[in-house]
Each structure stands twice: as structure tokens, then as C-alpha cells.
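Coordinate analysis (summary)
One letter stands for each residue in the lines below.
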Amino acid sequence: MSDRSTTPSDDESDEVQYDPNSGRYDIYECAVSDCDNVVLVVGSDDPPMSCHDQPMERVTELDMSVKPPDVRQVLLQAFGLPKAGLDICLCVIGEGPLSANEVAEQLGYDRSTVTRYLNKLVELGLLRRSELNREGGGVVKVYHSVDLERMRRETLIGFYVWAGEAASLIEDANLTKKDYLEANSDSELTDVFWESFSGK
């Protein structure tokens with residue numbers, strides 16, 4: 001007899017739950033029961049702020065499990081950087097300053113692809129661009145890594161912006177779902193509902 005029904009699926013076994021004792025990050029919520037304010041804190045042991053004139057409380061219990069993020073997927077979803085963009089960024093950080101041609105030669109990528117991602121990385125604040133004088137005359141654009149503390153700050157705040165947009169999207173979906181079910185008490189959430197929501 002198969003024991004499949006008692007064995008967690010691969011998707012379930014890969015899920016993780018929030019651990020307030022891990023020290024990696026903390027989640028705080030307002031101490032007032034009817035307030036929905038929630039704050040994510042990285043690198044601090046103290047309550048980050050007060051809400052309703054009371055220190056926010058650390059969340060210690062959460063039933064929901066989530067899929068652990070993959071750094072490549074985070075960079076792709078939050079910053080639009082696929083593997084090629086990450087490769088290019090790491091190449092410049094490790095070997096820079098480099099020109100677009102030099103990066104393309106080292107990685108074996110097409111120069112137009114390298115140039116596109118170098119410009120994207122500069123826009124994101126992960127790399128900086130300058131000009132160097134050629135020995136035979138003229139100038140060439142080269143790319144450098146930025147200060148590591150600045151990179152840490154830029155990527156973390158950039159991710160918080162993305163996470164805030166994602167949280168707002170989930171909250172909008174929850175509110176829209178509530179309104180939909182109240183207006184259609186005998187119906188389930190059909191594909192039509194999700195299609196109409198995604199178009200907002």
C-alpha cells in the first residue's frame with residue numbers, strides 16, 4: 001500500500017516558517033488589536049517604532065509557511081536582473097574597472113547584452129561608470145563596483161520598495177476578494193475574478 005498520502009510533497013518539504021529566534025529578521029505588529037500595521041526589521045533587536053503611542057510587539061507565532069526565496073529569483077523579480085545581469089555585476093565587482101568589451105570577452109556574452117545590463121546596473125546603483133583615457137588617444141567607458149556599504153543599502157532599500165509594492169498588491173487582492181464574496185455569496189473565486197483583478 002502506498003504511503004504517498006502521509007509523505008509531504010517536495011513543495012511542502014521545501015517550505016519554511018517564520019522563526020522569531022533565528023535573529024535574521026524580525027516582524028513587529030501594532031499592539032492594538034484592530035490596527036493592521038506590520039513592520040519588517042533587519043539587523044535590530046529593539047522595537048523599531050511605536051504605534052498608537054505603544055511599542056510595537058514582535059510577532060512570535062505565524063501558522064503560514066512560505067517557499068524560501070532563491071537569490072536569483074529575487075534579483076529577477078525585484079530588479080529585473082536575470083542570471084546574465086548577475087554574472088556581469090559579479091564580474092565587474094571582482095575584476096573591474098572593465099569596459100563592456102572586456103566584460104563580454106571574459107563572460108562570452110554578446111556585447112549588446114553586456115552593455116544593456118551594465119547600464120541597468122548603473123541605474124540600480126550597483127555599479128558606477130567613468131571614462132578612462134586610452135594610451136593611443138580617445139576615451140573608453142569603464143565600469144567599477146560601488147562602495148559595498150552603499151551597495152548593501154541600495155539593494156536593501158530597493159527590495160523594500162518591491163516588497164512594499166507586493167504587500168500592497170496582496171492587501172488589494174484580499175480587500176477585493178472580500179468585496180467580491182460579499183456580492184457573490186453563493187459563488188467561488190473563479191478565473192474571471194482573478195483576471196479582472198490582475199487587470200487593475
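The numbering scheme is per chain: residues are counted from 1 as the chain's sequence reads. Where local features are concerned, this predicted model is filtered to residues with pLDDT of at least 70; where side-chain atom pairs are given and counted, the filter is 80 or more; whole-chain, interface and lining totals use all residues. With hydrogens and water excluded, all non-hydrogen atoms of the structure serve as input to the side-chain values.

1. A few points about a nonpolar patch on the surface
Residues Val16, Leu62, Met64 and Val66 make up a contiguous nonpolar surface patch of roughly 360 Å² in combined accessible area. With respect to the helices, strands and loops of the structure, Val16 is situated in strand β1 (residues 16–17). Relative accessibility decides the category of a residue: with a 1.4 Å probe and only protein chains considered, values under 20% of the type maximum give buried, values over 50% give exposed, and everything between is partly exposed. Of the residues examined, Val16 reaches a relative accessible area of 37% and is grouped as partly exposed. The residues that make up patches have over 30% relative accessible area and no salt bridge, and they are joined within 9 Å when like-charged or within 5 Å when they are Val, Leu, Ile, Met, Phe, Trp or Tyr. Note that accessible areas follow from Shrake-Rupley with a 1.4 Å probe, and for residues the cover is restricted to the protein chains shown. What makes a salt bridge here is a side-chain nitrogen of Lys or Arg within 4 Å of a carboxyl oxygen of Asp or Glu, nothing more. Secondary structure is summarised from DSSP: a helix means a run of H or I of at least four residues, a strand means a run of E of at least two, and numbering begins at the N terminus for each.

2. Points about the packing of aromatic side chains
Aromatic pairs are defined between Phe, Tyr and Trp rings, using the six-membered ring for Trp, whenever the two ring centres lie within 6.5 Å; interplanar angles under 30 degrees are classed as stacked, those over 60 as edge-to-face, and all others as tilted. Tallied over the full model, the rule gives one aromatic pair. Only when the NZ atom of a Lys or the CZ atom of an Arg is both within 6 Å of the ring centre and within 35 degrees of the ring normal do we say a charge sits over the ring. Over the face of the ring belonging to Tyr117 we find Arg116, whose NZ or CZ atom lies 5.1 Å from the ring centre.

3. A closer look at the layout of surface pockets
Taken as a whole, the largest pocket spans an internal volume of roughly 2200 Å³. Only protein atoms enter the calculation, which uses a 1 Å grid: trapped sets of points that fit a 1.4 Å probe without letting it out are cavities, open sets showing protein on both sides within 12 Å along at least five of seven lines are pockets, and any residue with an atom within 4 Å of a point is a lining residue. Taken together, 46 residues form the lining of the largest pocket, with Tyr25, Leu40, Phe159, Trp162 and Ala163 sitting closest to its centre. Elements that contribute at least two residues to the lining of the largest pocket include exactly β1, β2 (26–29), β3 (38–41), α2 (71–79), α3 (83–95) and α6 (148–183). Per-element accounting of the lining of the largest pocket gives the leading share, 13 residues, to α6. Grid points are joined across faces, edges and corners, and a volume is the space filled by probe spheres set on the points. By volume, the second largest pocket amounts to about 300 Å³. Lining the second largest pocket are 17 residues, and of these Ser99, Arg134, Val140, Lys141 and Val142 sit closest to its centre. Grouping the constituent residues of the lining of the second largest pocket by class yields seven nonpolar, five polar and five charged. By the convention adopted, Pro, Cys, Tyr, Trp, Phe, Met, Ile, Leu, Val and Ala count as nonpolar, Lys, Arg, Asp and Glu as charged, and the other residues, Gly among them, as polar.

4. Quick notes on the sheet that holds β2
What holds strands together in a sheet is hydrogen bonding between their backbones, with the strands either parallel or antiparallel. Pairing between strands is defined by DSSP: at least two bridges between the two strands are required. If you trace the three strands from one edge of the open sheet to the other, you get β3-β2-β6, paired in antiparallel fashion. Every interior strand has two partners, whereas the edge strands, β3 and β6 (57–58), have only one. Note: β2 against β3, four bridges, orientation antiparallel. Bridging from a neighbouring strand, Tyr28 pairs with Val39 of β3.

5. As for α3
Helical geometry note: an α-helix holds 3.6 residues per turn, so side chains three or four residues apart project in the same direction. The length a helix should cover is 1.5 Å for every residue beyond the first. The end-to-end C-alpha distance of α3 is 18 Å, a good match for the 18 Å that 13 residues give at a rise of 1.5 Å each. Within α3 the residues assigned to the buried category are Ala84, Gly85, Asp87, Ile88, Cys89, Cys91 and Val92.

6. With respect to the pairing of β2
Only one face of β2 is buried, namely the one carrying Asp26 and Tyr28, since none of Ile27 and Glu29 on the opposite face is buried. Relative to β6, β2 runs antiparallel, the two sharing two bridges. Residue Tyr28 lies in a different strand from β6, and its bridge partner there is Arg58.

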